[in-house]
Amino acid sequence: MNITPDELTVINNESANRFEIRIGDDVAFLTYTHDGSTIAYTHTEVPPALEGHGIAAKLAAHALDYARSNSFGVVPLCPYVAEYIKRHPEYADLVAPRARWREFLRSG
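Read on for a plain summary of the structure. (Residues numbered from 1 in each chain as written. Predicted model: local features only at pLDDT ≥ 70, side-chain atom pairs only at ≥ 80, totals over all residues. Heavy atoms only, no water.)

1. Here's the deal with the pattern of salt bridges
Consideration 1: By the definition in use, this model includes three salt bridges.
Consideration 2: The closest approach of N and O atoms between Arg18 and Glu20, which form a salt bridge, is 2.6 Å.
Consideration 3: Arg68 is the salt-bridge partner of Asp93, the closest N and O atoms lying 2.9 Å from each other. Placement of the pair is Asp93 in the loop between α2 (79-87) and α3 (98-107) and Arg68 in helix α1 (residues 55-69), with a sequence separation of 25 residues.
Consideration 4: Each of Arg18, Glu20 and Arg22 takes part in one network of salt bridges that share partners. (Salt bridge = Lys/Arg side-chain N within 4 Å of Asp/Glu carboxyl O. Helix = DSSP H or I, 4+ residues; strand = E, 2+ residues; numbered from the N terminus.)

So this is what it looks like as structure tokens:
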């Protein structure tokens, strides 16, 4: 399967609190919770058939761009998103103070 991430569309499925990329019957997604001016990214999942094509990175970049365009602080509870921010320091300024992290961890 030849997948080009630039050609994929990310959809914000607000009713499911997740960003999605659909390819055929497969759905890759990044889940979130939102509280006021902060959004927590909690889990990224890519079906095995879609792994290795940059889909998780496309989801992470879209989610972080969404946070920036809405002036949200980001709580990267998802290990993939946290690592993505480390590899792309242009998103580091979005990371919310640790006090906000604790609020999301208590509520989750």
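2. Considering the pairing of strand β3 (residues 26-35)
Consideration 1: Where strand β2 (residues 18-23) lies against β3, six bridges are found, and the strand directions are antiparallel. Following the sheet pairing, Phe19 is matched in β3 by Leu30.
Consideration 2: Here β3 runs beside strand β4 (residues 38-45); their pairing, made up of seven bridges, is antiparallel. Opposite Phe29, over in β4, you have Glu45 as the bridge partner.
Consideration 3: Taking the residues that link successive antiparallel strands as the turn, the β3-β4 hairpin has two residues, and the phi of Gly36 there is positive, at about 65 degrees. (Pairing = 2+ DSSP bridges.)

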